[in-house]
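Now for the letters of each chain:
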Amino acid sequence: MAVSKGKYGKINFHGRKWSTLELSKIIMALVLALGFSMLLALRFFSPPESSDPNLPDRLASVRRKAVESEGLGKRGEQWVEVISWEPRAFIYHNFLSKEECLYLISLAKPRMVKSTVIDSETGKSMDSRVRTSSGMFLSRGQDRIIRNIEKRIADFTFIPIEHGEGLQILHYEVGQKYDAHHDYFVDEYNIKKGSQRMATLLMYLSDVEEGGETVFPAAKGNFSSVPWWNELSECGKGGLSVKPKMGDALLFWSMKPDASLDPTSLHGACPVIKGNKWSCTKWMHVNKYS
């Protein structure tokens, strides 16, 4: 393997010239991704602490003692469930308390507007039929409750708070949805402005009677093996799906451990068939986000 430093801060690696900035970004993404995997194993992958019959009988389920964390209200039993390795996806049960969910909804209700998507050519927001929900953004660290939630996110993902965007609250009424898409950027404008998105934490703020699942149509694995398969809508059965449950958080990675973009992270929000869906999204970046 030949590696040599070229002119103008570039390095020749296997016949291609890489800038030191490009290499530093890749190395940082690798360190964060591998560090998360190792710490997750050390922190969560331990034998169950008891023979509680309520503990789900799943090989991918991991139970952990609730960690003391400041916040509004009281959270239920917390445990992490691995649902996929392609893409890497985990459910943190009872990540938020009921009181925190209702608080976030109350902050958002007066300020909801039609959701938009990013134009891949200009990097600007635009209206689109592929996304029919309403939403709004909270400022990062805008109050004590938000700061506590953001710290909890950083503790779980091992990604510093400064690398995350502000929380986005979303509301889906009956028939509303978000077609399958990737969270990572493919346009230069957004990559330069805020760096590449590497992971997403999706927090469910309400239960949904029917529909509204988060579906990964390109995920690899046996979709029908999930215990909630028979409760899914037809859209939900189109891939690996997660049913919304108040307080649960779904973490998935848009980048692989080698820092390449992961096409299997393609995901969407199925149409709500009955009820209402409230959720909260946190996008995390390779570099600091400002």
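Heads up: the structure comes first, above all this text.
Here the structure is a predicted model, which means the values were calculated and not measured. (Residues numbered from 1 in each chain as written. Predicted model: local features only at pLDDT ≥ 70, side-chain atom pairs only at ≥ 80, totals over all residues. Heavy atoms only, no water.)

(A) Main features of the nonpolar core. Counting 34 residues, the largest nonpolar core has Phe 95, Leu 104, Leu 167, Ile 169, Leu 201, Met 203 and Leu 205 as the members making the most contacts within it. Contributions of two or more residues to this core are made by β5 (79-85), β6 (88-93), α2 (98-108), α3 (144-157), β13 (197-204), β17 (249-253) and β20 (277-285). Ranked by residues supplied to this core, first place goes to α3 with five residues. Among residues more than four places away in sequence, those in contact with Leu 167 are Leu 104, Met 136, Phe 137, Leu 138, Ile 146, Ile 149, Ile 153, Met 203, Cys 280, Thr 281 and Lys 282. Residues Leu 202, Tyr 204, Trp 228 and Phe 252 belong to the second largest nonpolar core, which totals 14 residues. (Core = buried A, V, L, I, M, F, W, Y, C linked by side-chain atoms within 4.5 Å. Buried < 20%, exposed > 50% of the residue type's maximum accessible area, 1.4 Å probe, protein only. Helix = DSSP H or I, 4+ residues; strand = E, 2+ residues; numbered from the N terminus. Contact = heavy atoms within 4.5 Å.)

(B) Spatial organisation of the state of the cysteines. For the structure on display, the rule yields one disulfide. Two residues share a disulfide in this structure: Cys 235 and Cys 270, whose sulfurs sit 2.1 Å from each other. Handedness of the Cys 235-Cys 270 disulfide follows from its S-S torsion of about -80°: it is left-handed. Linking Cys 235 in the loop between β15 (214-216) and β16 (240-242) with Cys 270 in the loop between β18 (267-269) and β19 (272-274), this pair joins segments that are 35 residues apart in sequence. Cys 235 sits in the partly exposed class, given a relative accessible area of 32%. Counting only cysteine sulfurs, Cys 280 is the nearest neighbor of Cys 101, a cysteine outside any disulfide, at a range of 8.9 Å. For Cys 101, a relative accessible area of 0% corresponds to the buried category. (Disulfide = S-S within 2.5 Å.)

(C) Spatial organisation of the side chain of Lys 277. With respect to the secondary-structure elements, Lys 277 resides in strand β20. Within the buried set, Lys 277 has no salt-bridge partner at all; the shortest N-O distance to an opposite charge, 7.7 Å, is to Glu 213. If sequence neighbours within four positions are ignored, Lys 277 has contacts with Leu 170, His 171, Tyr 172, Tyr 204, Ser 206, Val 208, Gly 212, Glu 213, Thr 214, Pro 244, Ala 269 and Val 272. (Lys, Arg positive; Asp, Glu negative; His and termini not counted. Salt bridge = Lys/Arg side-chain N within 4 Å of Asp/Glu carboxyl O.)

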